[in-house]
Every structure is written in C-alpha cells, then in structure tokens.
Amino acid sequence: MGKKLDDAALDTIFRTARTFNGYTDAPVTQDDIRAIYDLLKMGPTATNQHPARFVWCLSQDAKDRLAALASGNNAPKIRAAPATVIIGMDSEFHEHLPQLLPHTDARPWFAEAAGREVSAFRNASLQGAYFIIAARALGFDTGPMSGFDNAAVDAAFFGDTPHVKSNFISTIGIGDPTTIFDRLPRPAFEQFNTIA
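The structure displayed is predicted, hence computed values, not measured ones. (Residues numbered from 1 in each chain as written. Predicted model: local features only at pLDDT ≥ 70, side-chain atom pairs only at ≥ 80, totals over all residues. Heavy atoms only, no water.)

### Here we look at the overall build of the protein chain
No. 1: Scanning the protein chain for helices and strands turns up 8 helices and 4 strands.
No. 2: Counted from the first residue to the last, the protein chain has its helices and strands arranged as α-α-β-α-α-β-α-α-β-α-β-α.
No. 3: Whereas a compact globule of 196 residues would reach a radius of gyration of roughly 16 Å, the protein chain reaches 18 Å, a difference of no more than 12%.
No. 4: Oriented by its inertia axes, the alpha-carbon framework of the protein chain measures out at about 50 × 45 × 35 Å.
No. 5: For the protein chain, the residues scored as buried account for 40% of the 196 residues in total.
No. 6: When contacts within the protein chain are restricted to residue pairs at least 6 apart in sequence, those whose partners lie at least 24 apart make up 80%.
No. 7: Of the roughly 11200 Å² of accessible surface on the protein chain, a fraction of 57% belongs to carbon and sulfur atoms.
No. 8: Positive and negative charge centroids in the protein chain, built from 18 and 22 side chains respectively, lie 3 Å apart. (Helix = DSSP H or I, 4+ residues; strand = E, 2+ residues; numbered from the N terminus. Rg over C-alpha atoms; globule rule 2.2 N^0.38 Å. Buried < 20%, exposed > 50% of the residue type's maximum accessible area, 1.4 Å probe, protein only. Contact = heavy atoms within 4.5 Å. Areas by Shrake-Rupley, 256 points an atom, 1.4 Å probe, with all protein chains shown as cover. Lys, Arg positive; Asp, Glu negative; His and termini not counted. Charge placed at Lys NZ, Arg CZ, Asp CG, Glu CD.)

Here you go:
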C-alpha cells in the first residue's frame, strides 16, 4: 500500500494550503486540467459511480458568462482567475455503472430518483474535494465557492443534460499570497470528535 507522506507534502495538501481570492498571471492549460482530473478520478466513490461532471472554464467568454451568474463578491474572482471549474452532479450516474462497475448490474440499486439524488450529491461532493487535493498536489491553488445562481448556471452550462445540476464552483491557478486572509481557527480534536 501507500507510504506516509512527508511533512512537505502534507503542508502542500493541507497544513499550509489556503483558499485563494486571486492568482498570478500564470495560465492553467488543458494539459493541466487533464492532469488534475486524471488524479482526482482515482478517489473512491460509492459503487465507483463517479457522478461528478466538470465544466472547465478556460476561455474568458466562459468565465464572463459564469461570473454574470455569481454573487457580487465572487464575480470578479471568476473573471480574473486563470480558470474556473463548475462541479456538477449527475442524478443519472447509474446509467454508466455497466462500464464503471462491470462485475454486476448495479443499476437496479439506484432505481428510485430520490436515492440517486442523495448519492449523486454525496459522491460528487467527495469528487469536488478530490479536485481540491489533486490541484494542490500538482502545484495549483483553488478558491472553492458557492454564491451563484445554481438554476441559471445549470441552464447555461448543463442545459443539454437537465439531470446534471451544479454543486459548487472553484477558481484555479497559482495563488497570489496578497489575496488571502489570516487563517481562521480550526477546532481541536476534543471539540468535534468522540471515541466510542
């Protein structure tokens, strides 16, 4: 199995990594986003369902269209970032299970739409977290956010697939350290943990 990461790697992924509000002029390329995806897709999802759907906004036109649907504080961040990704969730993920879980037909396990919605949200959220970790591991910074009109984003970017809904969005790039705030408090183990 894997080996324990050293402190430098843990710092890159968690301890000194930050959420950025702005970035340098360094570009994010198609090769970069493919590398991020090829890493994040290795993270586990229930029944290997992979319900997340990603729209990578690299062009200024795409970023401007997305920014127009975001809250006032988020819009300029999206416009100025080298890239922004929309992390969506596909409630019809079960149709891909014959490919992704080939040893059994798992589609009947997700026959009810309500159950699929819950599973899609949970597992796409996990994949969104894997995106953040993968981007950091590859030397990029992120700025995950809500604060946008989900229905309008869905219509603008997932209009041909109404079963895909936006979950959250994130800017991507090489972070500008002048755009971050002091780190906010983190709770001690004893505050939110119980050992049974």
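From this point, the narrative continues.
### Digging into helix α7 (residues 150-157)
No. 1: Within α7, the full set of buried residues consists of Val153, Asp154 and Phe157. What you see down the axis of α7 is that its buried residues fit within an arc of 100°, all on one side. Exposed side of α7, more than 90 degrees from the buried face: Ala151 and Ala155 are the residues found there.
No. 2: Each element contacted by the buried residues of α7 is listed here: β1 (52-57), α3 (60-67), β2 (83-90) and β4 (164-173).
No. 3: The N-capping residue of α7, defined by a side-chain oxygen 3.2 Å from the backbone nitrogen of Ala151, is Asp149. (Arc of directions from axis to C-beta. Polar contact = N/O pair within 3.5 Å; in protein donor to acceptor, adjacent residues only side chain to side chain.)

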